[in-house]
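The lines below spell out each chain.
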Amino acid sequence: MRRTPPGPPRPALRKAAALLLAALALLGSACGKEGSPPVKGPAPGALPHYALATDFRLPDSPTWERAKRRGHFTVGVKEDQPYLGEKDPATGTYAGFDIEIARMMSASLGLDPATIRFRTIASANRETALQNGQIDYYVGTYTINDNRKKLVGFAGPYYLAGQGLLVRTDENDIHGPQDLAGRRVCSAAGSTPYQRIQKDYPKATLVAYDTYSVCVDNLLTYQVDAVTTDDAILIGYAAKVPEELKVVGKPFSREPYGIGVPRGDDALRFALDDALAAREEDGDWKAAYQATLGLSGVPAPEPPAIDRYPAS
Ligand code: GLU
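**Regarding the pattern of salt bridges**
This structure, assessed with the given rule, holds 14 salt bridges. With its nearest N and O atoms 2.7 Å apart, the salt bridge here joins R308 to D274. Placement of R308 in the segment after α10 (284–291) and of D274 in helix α9 (residues 266–281) is noted, with a sequence separation of 34 residues between them. You can call R308 partly exposed: its relative accessible area is 45%. For D274, a relative accessible area of 44% translates into the label partly exposed. One continuous salt-bridge network, built from bridges that share partners, spans E171, R183 and D225.

Listed below in structure tokens is the structure:
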């Protein structure tokens, strides 16, 4: 058998190899392998310290009473969304803007944020997790809308995002959702961006996974042509491999992020609304933003007005 003499790799192969490396790097960052590309994150000392409310009581909230007896809140979050909710696989520590919101809320409700047990819950499982008491509240890029309000309650909003598109840097034909006809678009099952593409852009071929990080891996390996979700989430993925990925076009929806609570626990919902208002007022919200999402380069916006809707 003749062996092919070693020669310079063909450009297509080189490109494929580079993309594979990028994908592995991205995966590696989720698995804690050495050599992951560094994402600029806050130095531990840079995170704000949230004053703990003493003598706080909320007897009308069954969720709060249970957490108080137990000695900690159990909070649902994401673990693969840079700047927002990201778990360091080596230490198990969660970091990001959503995590800071979860912490400041715990402090306002009289439970030391250091005691929080974080649980990763995917987009499609949030309502069930709140309904069956798996978590006390949820902070993870969770859009407030009327359909979801039939199943859970929402404090907030504490941030306003908008749906966007992430593509490879070698993609020149996708500038907005109108360019998705006949293209493969990936999003998370159970998310509002998935539902919007399905309803408003039916000519796109939708692909769903549990998480956006799996969509991003599929984008890097040419399995899909675009990933769609909130701009705040996409910016974080692009920042990990800026030579390979870019966010294109303008946001094409309004995604107000709320804190999910069990439906009917209005005492907890109103207490969280009050706590958010107070943390926006005293500068903690802004400090938390600057130590997390602000590292993406987007300056702190004004927080959106809190929607304290009537008791259910
Ligand atoms: N904010 C959107 C949603 O709640 C997309 C992000 C996510 O899936 O968490 O569906």
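Back to the write-up after that little detour.
**Thoughts on unusual backbone geometry**
Residue P157 is reached from G156 by a cis peptide bond, and omega for that bond is 10°. Its location among the elements puts P157 in strand β7 (residues 152–161). Although it is not a glycine, D55 adopts a positive phi angle of roughly 60°. Its location among the elements puts D55 in the loop between α1 (11–31) and α2 (62–70).

**Section: the sheet that holds strand β11 (residues 226–230)**
Reading across from one edge, β10-β9-β11-β8-β12 is the order of the 5 strands in this open sheet, with mixed pairing throughout. Edge positions in the sheet fall to β10 (205–209) and β12 (245–248), since each of these pairs with one other strand and no more. The average angle at which neighbouring strand axes cross in this sheet is 30°, direction not considered. Here strand β9 (residues 184–188) pairs with β11 via 2 bridges, running parallel. Within β11, the residue paired with V185 across the bridge is A226. Strands in contact with helix α7 (residues 212–220) are β8 (163–168), β9, β10, β11 and β12; relative to β11, the strand with the most contacts, it is inclined by about 155°.

**Comments concerning the confidence of the model for the protein chain**
Taken as a whole, the protein chain shows an average pLDDT of 90; of its residues, 86% reach a score of 70 or greater. Per-element confidence in the protein chain ranges from a low mean pLDDT of 46 for α1 to a high of 99 for strand β6 (residues 137–138). Contacts from residues 1–11, a stretch scored under 50 in pLDDT, to residues over four places away or in other chains number 1 contact. Counting contacts from residues 17–38, a segment whose pLDDT is below 50, to residues more than four positions away or on other chains yields 25 contacts.

**Section: the side chain of N218**
Along the chain, N218 falls in helix α7. Assessed through its relative accessible area of 13%, N218 is described here as buried. In terms of polar contacts, N218 uses its side chain to reach the backbone carbonyl oxygen of V214, at 2.8 Å. The contacts of N218, once residues within four sequence positions are left out, are Y209, Q223 and V224.

**Concerning the site of the ligand**
Around the ligand there are 17 residues in total, and K78, S123, T143, Y212 and D230 lie nearest to it. At 2.7 Å, a side-chain N or O of T141 approaches an oxygen atom of the ligand. D230 is positioned with one of its side-chain polar atoms (N or O) 2.6 Å from a nitrogen atom of the ligand. Burial of the ligand by the protein amounts to 100% of the accessible area it has alone, namely 280 Å². In this structure the site holding the ligand corresponds to the largest cavity. Elements that contribute at least two residues to the shell around the ligand include exactly α6 (192–200), β11 and β13 (255–262). When the residues that make up the shell around the ligand are grouped by side-chain class, the tally is 5 nonpolar, 7 polar and 5 charged.

Reading guide: rules and limits
Residues numbered from 1 in each chain as written. Predicted model: local features only at pLDDT ≥ 70, side-chain atom pairs only at ≥ 80, totals over all residues. Heavy atoms only, no water. Salt bridge = Lys/Arg side-chain N within 4 Å of Asp/Glu carboxyl O. Helix = DSSP H or I, 4+ residues; strand = E, 2+ residues; numbered from the N terminus. Buried < 20%, exposed > 50% of the residue type's maximum accessible area, 1.4 Å probe, protein only. Pairing = 2+ DSSP bridges. Axes fitted to C-alpha atoms, helices over the stretch in contact; angles between N-to-C directions. Contact = heavy atoms within 4.5 Å. pLDDT = per-residue confidence, 0-100. Polar contact = N/O pair within 3.5 Å; in protein donor to acceptor, adjacent residues only side chain to side chain. Near = heavy atom within 4 Å. Areas by Shrake-Rupley, 256 points an atom, 1.4 Å probe, with all protein chains shown as cover. 1 Å grid on protein atoms, 1.4 Å probe; cavity = no way out; pocket = protein on both sides within 12 Å on 5 of 7 lines; lining within 4 Å. Sits in = over half its atoms within 2 Å of the grid points. Nonpolar A, V, L, I, M, F, W, Y, C, P; charged D, E, K, R; others polar.

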